Amino acid sequence: MLATLHMSTASERFGWHRDGWLGRLRQDNTWETDGHTFFGERRILRWLPEPLVEAAFNREERQALERLCAALPELVPPQPPCLTHGDLWQENVVATSDGAPVLIDPAVSYNWPEVDLSMLWCSPRAAASERFFAVYQEIAPLQDGWEERMPILHLRELLSVIAHDDDDWGAVEAVRKIIAPFRRSCVS
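What counts and what doesn't
Residues numbered from 1 in each chain as written. Predicted model: local features only at pLDDT ≥ 70, side-chain atom pairs only at ≥ 80, totals over all residues. Heavy atoms only, no water. Core = buried A, V, L, I, M, F, W, Y, C linked by side-chain atoms within 4.5 Å. Buried < 20%, exposed > 50% of the residue type's maximum accessible area, 1.4 Å probe, protein only. Helix = DSSP H or I, 4+ residues; strand = E, 2+ residues; numbered from the N terminus. Axes fitted to C-alpha atoms, helices over the stretch in contact; angles between N-to-C directions. Parallel < 35°, antiparallel > 145°, perpendicular 65-115°, else oblique. Left-handed = near helix turned anticlockwise from the far one by under 90°. Contact = heavy atoms within 4.5 Å. Nonpolar A, V, L, I, M, F, W, Y, C, P; charged D, E, K, R; others polar. Salt bridge = Lys/Arg side-chain N within 4 Å of Asp/Glu carboxyl O. 1 Å grid on protein atoms, 1.4 Å probe; cavity = no way out; pocket = protein on both sides within 12 Å on 5 of 7 lines; lining within 4 Å. Points joined across faces, edges and corners; volume = space filled by probe spheres on them.

Trainee: Would you mind going over the nonpolar core with me for this structure?
Mentor: Nonpolar side chains tend toward joint burial in soluble globular proteins. By size, the foremost hydrophobic cluster in this structure holds 47 residues, and its most contacted members are Leu-68 and Val-175. Elements with a contribution of two residues or more to this core: helix H1 (2-8), helix H2 (35-44), helix H3 (51-56), helix H4 (59-70), helix H6 (113-122), helix H7 (129-139), helix H8 (146-163) and helix H9 (171-179). Element by element, the count of residues in this core is highest for H8, at 10 residues.

Here's what the structure looks like:
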């Protein structure tokens, strides 16, 4: 169902016709033709001014996030935008009374399909999730290296968790691990 949604909703622009919400905080969906700019500015850097995110990371770590965003064109291959759920983790997939899957609580935009997959890949997964990813790949093949990109694309969710004061499972440390290669002291 998700692969079909992604395959059948290609667009020329990233964003949505209005802003939305991710939790209690606004999600900027201003239209953009460049996916790297859209994701970097509106899905990662957008969180840096939030008080709890600002308090969680020092200046060097915030700069590492900025360097990671500047490197997105080398890290994420060009992909066309498609309609994405935007907050697709296991708890937002439920079943109807006859067992059919239903997606709830979206934070919709046209974005890279891998953004939805990163939520399912990096959040706690059901035991049968390997089958989901195999079937998705059969219907909508992903570009090489997609598994390695999942943590980078999941940064948006991690930063949102911190901004919402919901980091009881280590989101700050997860962000630090992802941005470690982009810290000035680690760059040669």
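Trainee: When you look at unusual backbone geometry in this model, what are you seeing that I'm missing?
Mentor: It is generally the case that most residues other than glycine have a negative phi and that most peptide bonds are trans. Residue Asp-105 is not a glycine yet carries a positive backbone phi of 55°. Its place among the elements puts Asp-105 in the loop between strand S5 (101-103) and strand S6 (109-111). Asp-105 sits in the partly exposed class, given a relative accessible area of 49%. One non-glycine residue with positive phi stands out, namely Asp-165, at about 60°. Within the secondary structure, Asp-165 sits in the loop between H8 and H9.

Trainee: Looking at this model, I keep getting lost on the packing of H4 against H9. Mind explaining?
Mentor: For any two helices packed against each other, the geometry comes down to the angle between their axes and how far apart the axes lie. For the pair H4 and H9, the least separation of the axes is 10 Å and the interaxial angle reads 55°. Classed by the angle they form, the pair H4 and H9 counts as oblique. Note that H4 runs across H9; the crossing there is left-handed. In contact with Glu-61, Ala-64, Leu-65 and Leu-68 of H4, H9 contributes Val-175, Arg-176, Ile-178 and Ile-179. In terms of residue class, the contact of H4 with H9 is built from six nonpolar, no polar and two charged.

Trainee: What is the right way to look at the pattern of salt bridges in this model?
Mentor: Once the charged atoms of two side chains with opposite charge are near each other, the side chains can pair. Considering all chains together, one arrives at 11 salt bridges under this definition. In this structure, Glu-32 and Arg-42 form a salt bridge, with 3.9 Å as the shortest nitrogen-oxygen distance. Taken as a pair, Glu-32 in the loop between strand S2 (25-27) and H2 and Arg-42 in helix H2 lie far apart in primary sequence, 10 residues in all. The class for Arg-42 is buried, based on a relative accessible area of 12%. Between Glu-157 and Arg-156 there is a salt bridge, and its shortest N-O distance comes to 3.7 Å. Salt bridges here are not isolated pairs; linked through shared partners, they connect Glu-60, Glu-61, Glu-173, Arg-176 and Arg-183.

Trainee: What should I look at first to understand the layout of surface pockets in this one?
Mentor: One way to see where empty space is left: roll a probe the size of a water molecule over the atoms. Taken as a whole, the largest pocket holds about 540 Å³ of empty space. Together, 20 residues line the largest pocket, and Val-93, Leu-120, Ala-128, Ser-129 and Phe-132 are the ones closest to its centre. At the level of elements, H1, S5 and H7 are the ones that each hand at least two residues to the lining of the largest pocket. Among the elements that take part in the lining of the largest pocket, H7 stands out by supplying seven residues, more than any other. Here the lining of the largest pocket is built from residues that sort into 16 nonpolar, two polar and two charged. Each pocket or cavity is described by its volume, and for the second largest pocket that value is around 470 Å³. Trp-89, Glu-157, Val-161, Asp-166 and Trp-169 are, among the 18 residues lining the second largest pocket, the residues nearest its centre. For the lining of the second largest pocket, the secondary-structure elements that each account for two or more residues are H6 and H8.

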